[in-house]
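Here are the chains, one letter per residue:
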Amino acid sequence: MPPTFSFAFLHPRFWLTWLTITFLYLLSWLPYRVQIGLGKLIGRLLLKVLKSRKKTATRNLQLCFPDKSEEEINRLVIANFENAGIAIFESGISWWWPNWRLKNMCHVKGTQHIDKALQQGKGIFLLFTHIFPLEMMARVLGDNGYPCVGFYRPHNNKLLEWVQYRGRCRSNRYMIGKRDVKGLLKALSEGEITVYLPDHDYGPKRSVFAPFFAVEKAATTTGTEIFASHKNAETIPTKIRRLDNFNGYEIEFLPPLTDYPCEDSFANAVQVNKWVESAVLDNMEQYMWVHRRFKTRPEDEPESLY
């Protein structure tokens with residue numbers, strides 16, 4: 001069930017949360033260029049404060065791109081944190097901007113791939129990657145006629161959970177808990193457009209170790225193949241990025257994956273990781289390098305890469 005408003009949210013323990021939400025809402029009405037600039041400044045501040053996240057991002061880039069120089073890695077880390085700061089403002093944009101303000105900033109490509117599947121009555125299994133403008137993904141999809149169903153992690157703060165859910169479902173269907181496998185399979189059966197992100201390290205359960213950039217053994221979820229094997233699913237990799245020069249956001253639907261999934265989980269993981277690599281290389285500065293992508297190690301290589 002979607003979260004609902006509760007009068008308990010008026011309790012003093014939620015006052016700081018209300019203040020934060022109100023501040024973010026007011027900031028969302030600033031000109032877009034101003035928000036982007038402020039986001040970069042906050043990102044620079046986060047770079048100094050979140051030292052462990054900086055260390056993680058640096059190490060991930062070193063592992064994935066061992067041929068890059070220290071200077072190149074440092075530049076990428078700085079740009080990455082600037083994008084993290086911008087993402088804070090993009091939450092307000094995606095949750096509260098009226099349609100007229102966002103209309104000319106949403107650009108969609110490759111619609112023929114998804115339209116064909118929808119006309120056939122297929123459920124759509126969209127593959128996305130974790131990038132910082134991710135909050136804009138649902139809004140752009142919904143506002144362009146492709147309302148979706150997605151996995152998400154409910155927020156521990158009940159007030160933020162209510163605000164977050166309402167914002168993400170403003171122009172979309174509904175959200176389901178990240179462990180609700182049956183819920184997503186049901187959505188595919190009903191011909192819904194669903195969203196899944198297969199590029200993080202979700203632990204050893206339902207994972208295989210497959211190459212990811214220069215790391216030969218990266219824990220890769222097999223959940224992707226479970227959903228893609230649904231008889232009514234069409235698996236369509238998708239890219240989203242924030243465009244340069246304040247031109248908004250672009251979603252691109254790519255051709256459906258062919259010969260996927262097969263009976264070999266390792267081969268399936270390799271295929272998905274190759275697509276993720278391609279998406280990351282198109283948009284390196286906006287990818288979430290701050291996630292400990294290689295925290296799960298094989299039993300024969302237990303030493304942490306961090």
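Residues numbered from 1 in each chain as written. Predicted model: local features only at pLDDT ≥ 70, side-chain atom pairs only at ≥ 80, totals over all residues. Heavy atoms only, no water.

A. Focus on the side chain of Ser94. Counting through the fold element by element, Ser94 comes out in helix 4 (residues 70-96). Within the structure, Ser94 has its side chain in polar contact with the backbone oxygen of Ser91 (distance 3.0 Å). In this view, Ser94 contacts Glu135, Met136, Arg139, Gly167 and Arg170; residues no more than four positions away in its chain are not counted. (Helix = DSSP H or I, 4+ residues; strand = E, 2+ residues; numbered from the N terminus. Polar contact = N/O pair within 3.5 Å; in protein donor to acceptor, adjacent residues only side chain to side chain. Contact = heavy atoms within 4.5 Å.)

B. Quick look at the pairing of strand 2 (residues 123-127). Within strand 2, five of the five residues are buried, leaving the element largely enclosed by the surrounding structure. Two elements, strand 2 and strand 8 (residues 233-242), share five bridges in a ladder whose sense is parallel. Following the sheet pairing, Gly123 is matched in strand 8 by Ala233. Direction of pairing for strand 2 relative to strand 5 (residues 193-196): parallel, over a ladder of four bridges. Bridge pairing in strand 5 places Ile124 opposite Ile193. (Buried < 20%, exposed > 50% of the residue type's maximum accessible area, 1.4 Å probe, protein only. Pairing = 2+ DSSP bridges.)

C. Expanded view of the packing of helix 3 (residues 51-64) against helix 4. Running from N to C, helix 3 and helix 4 cross one another at 130°; their axes reach a closest spacing of 10 Å. As the angle between them shows, helix 3 and helix 4 are arranged oblique. Between helix 3 and helix 4 lies a crossing whose hand is right-handed. Here Arg53, Lys54, Ala57, Thr58, Leu61 and Gln62 of helix 3 lie close against helix 4, whose contacting residues are Ile73, Leu76, Val77, Asn80 and Phe81. By residue class, the composition of the contact of helix 3 with helix 4 is six nonpolar, three polar and two charged. (Axes fitted to C-alpha atoms, helices over the stretch in contact; angles between N-to-C directions. Parallel < 35°, antiparallel > 145°, perpendicular 65-115°, else oblique. Left-handed = near helix turned anticlockwise from the far one by under 90°. Nonpolar A, V, L, I, M, F, W, Y, C, P; charged D, E, K, R; others polar.)

D. Region of the structure containing the pattern of salt bridges. Tallied over the entire structure, the rule returns eleven salt bridges. Residue Arg242 pairs with Glu90 through a salt bridge whose shortest N-O separation is 2.6 Å. Taken together, the residues Arg242 in strand 8 and Glu90 in helix 4 connect sequence positions 152 residues apart. In this structure, Arg242 and Glu90 share a single accessibility class: buried. (Salt bridge = Lys/Arg side-chain N within 4 Å of Asp/Glu carboxyl O.)

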